[in-house]
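Chain residues, written in single-letter form:
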Amino acid sequence: MADMKQYVQDVLDIVKKRNPEQVEFQNTVYEVLSTIVPALEKNPKYKEAKILERMVEAERIVIFRVPWQDDKGETHINRGYRVQMNSAIGPYKGGLRFHPSVNLSILKFLAFEQVFKNSLTGLPIGGGKGGADFDPKGKSDNEVMKFCQSFMTELYRHIGPHVDVPAGDIGVGGREIGYLFGQYKRIRDAYDSAVLTGKGLTYGGSLARTEATGYGLLYFVKNMLDAKNISLKGKTVVVSGSGNVATYAIEKAQEFGAKVVTCSDSNGYVYDPNGIDLAAVKEIKEVRRGRIKEYAASHPQAEYHEGCKGVWTVKCDVALPCATQSEIDLESAKALVANGCQVVGEGANMPSTLDAIAYFQEKHVLFAPAKAANAGGVAVSALEMSQNSERLSWTFEEVDGRLKDIMANIYQNAKKNAEEYGDPDNLVMGANIAAFVKVADTMLAQGLV
Ligand code: NDP
Ligand code: 2IT
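Right, let's walk through the structure included here. (Residues numbered from 1 in each chain as written. Chains lettered and ligands numbered in written order. Predicted model: local features only at pLDDT ≥ 70, side-chain atom pairs only at ≥ 80, totals over all residues. Heavy atoms only, no water.)

**Things to note about the overall build of the chain**
- Within the chain, the regular secondary structure consists of 18 helices and 12 strands.
- Taken against the 2.2 N^0.38 rule, which gives 22 Å for 449 residues, the C-alpha radius of gyration of the chain at 21 Å falls within 12% of a compact globule.
- At a minimum sequence separation of 6, the contacts of the chain that also span at least 24 residues come to 72%.
- For the chain, the accessible surface area stands at approximately 18,200 Å², while carbon and sulfur atoms represent 49% of it.
- Side chains of the chain carry 52 positive and 55 negative charges; the gap between the two charge centres is 2 Å. (Helix = DSSP H or I, 4+ residues; strand = E, 2+ residues; numbered from the N terminus. Rg over C-alpha atoms; globule rule 2.2 N^0.38 Å. Contact = heavy atoms within 4.5 Å. Areas by Shrake-Rupley, 256 points an atom, 1.4 Å probe, with all protein chains shown as cover. Lys, Arg positive; Asp, Glu negative; His and termini not counted. Charge placed at Lys NZ, Arg CZ, Asp CG, Glu CD.)

Following this line, the structure appears as structure tokens:
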């Protein structure tokens, strides 16, 4: 064991040295590598073939200038990226994020997570991520279109249905995917439907893709709770975010009989003791593209609090972080546990910091880790690619049924590995080992590439 622990430490040292200041990337590499030591021990070939050294180095990264003009004719320059992390089990696959905080460290962390998440889906997709430090907030549709067209004017060279298939993430939804697809089609002069996923339903999009991440999160959490004979019915749930993932997590949690009392955006959170009125949230966020603060104006019983961190001080049984990375730190984790929270399901990518995860585990909180629990979105993206290949569209029920099966399989796979490696409730370790072994074995099979 000491040997493989040392091997992991050596690789972590390389990552720190090669990627100084990329803290998010360093943390996610640590999160994965520190849990897979028993699998390395079981198969010494991984070390002999330097699999870890290869996995922590992206296959390719492109960084490019994105010039565009706003409605007043003023010129802006943003930075665009695509991180193509690992293509062992399929074309690179993963979302695009448009947010002012985007940088190489964040995209490398997301791409690294994506490799293992995609492996867990059981579908033939490698891992990548991209985006830009562009802020869509407050921009007109025309400005967003101009930006997307300029972004795609470079990105198109690096993607394709058999090469790399982007989708949405923070700040990239149906509107942006539409503009990106239009520009790709124009430049390539070909109707490559499966070059992007999350498309509109009239041009190759899949039913249930919009709902998939949030629904999938609840399917995963339900599997985890069913195994403990715990029901979601009547449980008080705290959700963060009010975007794509949060909205459909709330919808499915309510369908399962839970009472969701919060949602949030980057300015603050609302607490509604009667349970969140989801139709109102959809109207504010999806139709008006407004702020969650507006909810309180039309719902007098609800409270609005400035600052999004306070959401974790609300008393609950279940917490579903669905906004962004590192939103639950150790202090928030302690507040959640002190207020009775027994279940955490991660809808966002890496929403809990490493010390928060360790605290949840120490307190025996049932913990559904992001790369397993939020894999439903990318899984349905892969189903969208399948439908594009056969030029057919499946019904909502067909896609949703497959999503349910995929989430159940991911849970079973993580659980089986957690049990096999001697820590039955540790789904972080179980999911990481299951995901890693599949990618590592594939890399071994394909030789030194
Ligand atoms: P959206 O852009 O639809 O929504 C993001 C939500 O999170 C908004 O409410 C936003 O508030 C809030 N938010 C964003 N950044 C911050 C921040 N720095 N601090 C506090 N709140 C913030 O994105 P998604 O719902 O698609 O993504 C949410 C999370 O889920 C991300 O971590 C993403 O990587 C992950 N994810 C997404 C998948 C998908 O299919 N879309 C699949 C799997 C994971 P505001 O409007 O104020 O910015
Ligand atoms: O983090 C994620 O899994 C996503 N943003 C979805 C990626 C995809 O390709 O559907």
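**Thoughts on the side chain of Arg82**
- Looking at the element boundaries, Arg82 is found in strand β2 (residues 75-86).
- We classify Arg82 as buried; its relative accessible area is 0%.
- A polar side-chain atom of Arg82 sits 2.7 Å from a polar atom in the side chain of Asp164. (Buried < 20%, exposed > 50% of the residue type's maximum accessible area, 1.4 Å probe, protein only. Polar contact = N/O pair within 3.5 Å; in protein donor to acceptor, adjacent residues only side chain to side chain.)

**Some thoughts on the site of ligand 1**
- Around ligand 1, 27 residues are found, and the nearest of them are Asp169, Thr213, Ser266, Arg291 and Asn349.
- At 2.4 Å from an oxygen atom of ligand 1 is found a side-chain nitrogen or oxygen belonging to Ser266.
- Within the residue set of the shell around ligand 1, elements represented by two or more residues are α9 (209-226) and α10 (244-255).
- Looking at the shell around ligand 1 residue by residue, the classes come out as 6 nonpolar, 13 polar and 8 charged. (Near = heavy atom within 4 Å. Nonpolar A, V, L, I, M, F, W, Y, C, P; charged D, E, K, R; others polar.)

**Concerning the site of ligand 2**
- Neighbouring ligand 2 are 14 residues, the closest being Lys93, Lys117, Lys129, Asp169 and Ser381.
- Within the side chain of Lys117, a nitrogen or oxygen atom sits 2.7 Å from an oxygen atom of ligand 2.
- Between an oxygen atom of ligand 2 and a side-chain N or O atom of Asn349, the distance comes to 3.0 Å.
- If ligand 2 stood free it would expose 300 Å²; the protein chains cover 93% of that surface.
- Elements that contribute at least two residues to the shell around ligand 2 include exactly β3 (92-98), α6 (104-121) and α16 (376-390).
- Here the residues of the shell around ligand 2 are counted per class, giving 2 nonpolar, 7 polar and 5 charged.

**Regarding the pattern of salt bridges**
- Throughout the structure, instances matching the rule amount to 25 salt bridges.
- The salt bridge involving Arg18 is made with Glu57; its shortest N-O contact spans 3.2 Å. Here Arg18 is found in helix α1 (residues 2-18), whereas its partner Glu57 is found in the loop between α5 (51-55) and β1 (60-69), with 39 residues between them in sequence.
- Owing to a relative accessible area of 56%, Arg18 belongs among the exposed residues under this scheme.
- For Lys252, the salt bridge goes to Glu255, with nearest N and O atoms at 2.9 Å. Pair noted here: Lys252 and Glu255 are both in helix α10, with a separation of 3 residues, about one helical turn. (Salt bridge = Lys/Arg side-chain N within 4 Å of Asp/Glu carboxyl O.)

**Quick word on the packing of aromatic side chains**
- With the rule as written, the count across this model stands at 18 aromatic pairs.
- With a centroid separation of 5.3 Å and 50° between ring planes, the pair formed by Phe64 and Phe151 is classed as tilted. Taken together, the residues Phe64 in strand β1 and Phe151 in helix α7 (residues 141-155) connect sequence positions 87 residues apart. No difference in accessibility class separates Phe64 from Phe151, as the two residues are buried.
- Plain terms: the ring middles of Phe134 and Phe147 are 3.9 Å apart, the flat faces sit at 5° to each other, and that makes the pair stacked. Of this pair, Phe134 sits in the loop between β4 (127-132) and α7 while Phe147 sits in helix α7, and the two are 13 residues apart along the sequence. (Phe/Tyr/Trp six-rings, centres within 6.5 Å; stacked < 30°, edge-to-face > 60°.)

The analysis is restricted to geometry; functional conclusions fall outside its scope.
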